[in-house]
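Structure assessment
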Amino acid sequence: MAKQYQDKELLDNIILTIKELRKSNNVTLEVFYFDTGIHLARIEQGKTNITVSTLAKICEYFEISLVDFFVKIEILKKS
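The structure contained in this document is the topic of the report that follows. (Residues numbered from 1 in each chain as written. Predicted model: local features only at pLDDT ≥ 70, side-chain atom pairs only at ≥ 80, totals over all residues. Heavy atoms only, no water.)

**Things to note about the pattern of salt bridges**
Two side chains bearing opposite charge may form a pair once their charged atoms approach each other closely. This model, assessed by the stated rule, comprises four salt bridges. Salt-bridge contacts for Glu 20 lead to Lys 72; the nearest nitrogen and oxygen are separated by 3.6 Å. With a gap of 52 residues between them, Glu 20 in helix α1 (residues 8-24) and Lys 72 in helix α5 (residues 66-78) connect regions that are remote in the sequence. Here Arg 22 ties to Glu 44 by a salt bridge, and the two come within 2.7 Å at their closest N and O atoms. Here Arg 22 is found in helix α1, whereas its partner Glu 44 is found in helix α3 (residues 40-44), with 22 residues between them in sequence. Neither residue differs from the other here; Arg 22 and Glu 44 are each classed as buried. (Salt bridge = Lys/Arg side-chain N within 4 Å of Asp/Glu carboxyl O. Helix = DSSP H or I, 4+ residues; strand = E, 2+ residues; numbered from the N terminus. Buried < 20%, exposed > 50% of the residue type's maximum accessible area, 1.4 Å probe, protein only.)

**What to know about α1**
Here α1 contains 17 residues, and its C-alpha end-to-end distance of 24 Å stays within 8% of the 24 Å for a straight helix at 1.5 Å per residue. Within α1 the residues assigned to the buried category are Leu 11, Asn 13, Ile 14, Ile 15, Thr 17, Ile 18, Leu 21 and Arg 22. Two to three positions downstream of the cap, the backbone nitrogen of Glu 9 sits 3.2 Å from a side-chain oxygen, assigning the N-cap of α1 to Asp 7. Downstream of α1 by a residue or two, Asn 26 has a phi angle that is positive, lying close to 50 degrees. (Expected span 1.5 Å × (residues − 1). Polar contact = N/O pair within 3.5 Å; in protein donor to acceptor, adjacent residues only side chain to side chain.)

**Brief notes about the packing of aromatic side chains**
Under the criterion given, the structure shown has four aromatic pairs. Aromatic pair Tyr 61 and Phe 62: ring centres 5.0 Å apart, planes at 90 degrees, arrangement edge-to-face. For Phe 62, a relative accessible area of 8% gives the class buried. Members of the aromatic cluster, connected to one another through ring pairs, are Phe 32, Tyr 61 and Phe 62. (Phe/Tyr/Trp six-rings, centres within 6.5 Å; stacked < 30°, edge-to-face > 60°.)

Structure, rendered in structure tokens:
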């Protein structure tokens, strides 16, 4: 099995953006899991390489488009 490529900086920025969305929406990890079945704690701890499908589901939950999500990441990278 081929080793999966990971861009540490990109993953860190994705994690920070997800945490910011979750906290700004006052959603706990437990509530998020109950609502979606996604173990966000593992993602936020950097223990898993998030898939695009999972990210899309997270964005859907927080009512943000993937485009707007990545705009937030670009802003984060510039700060």
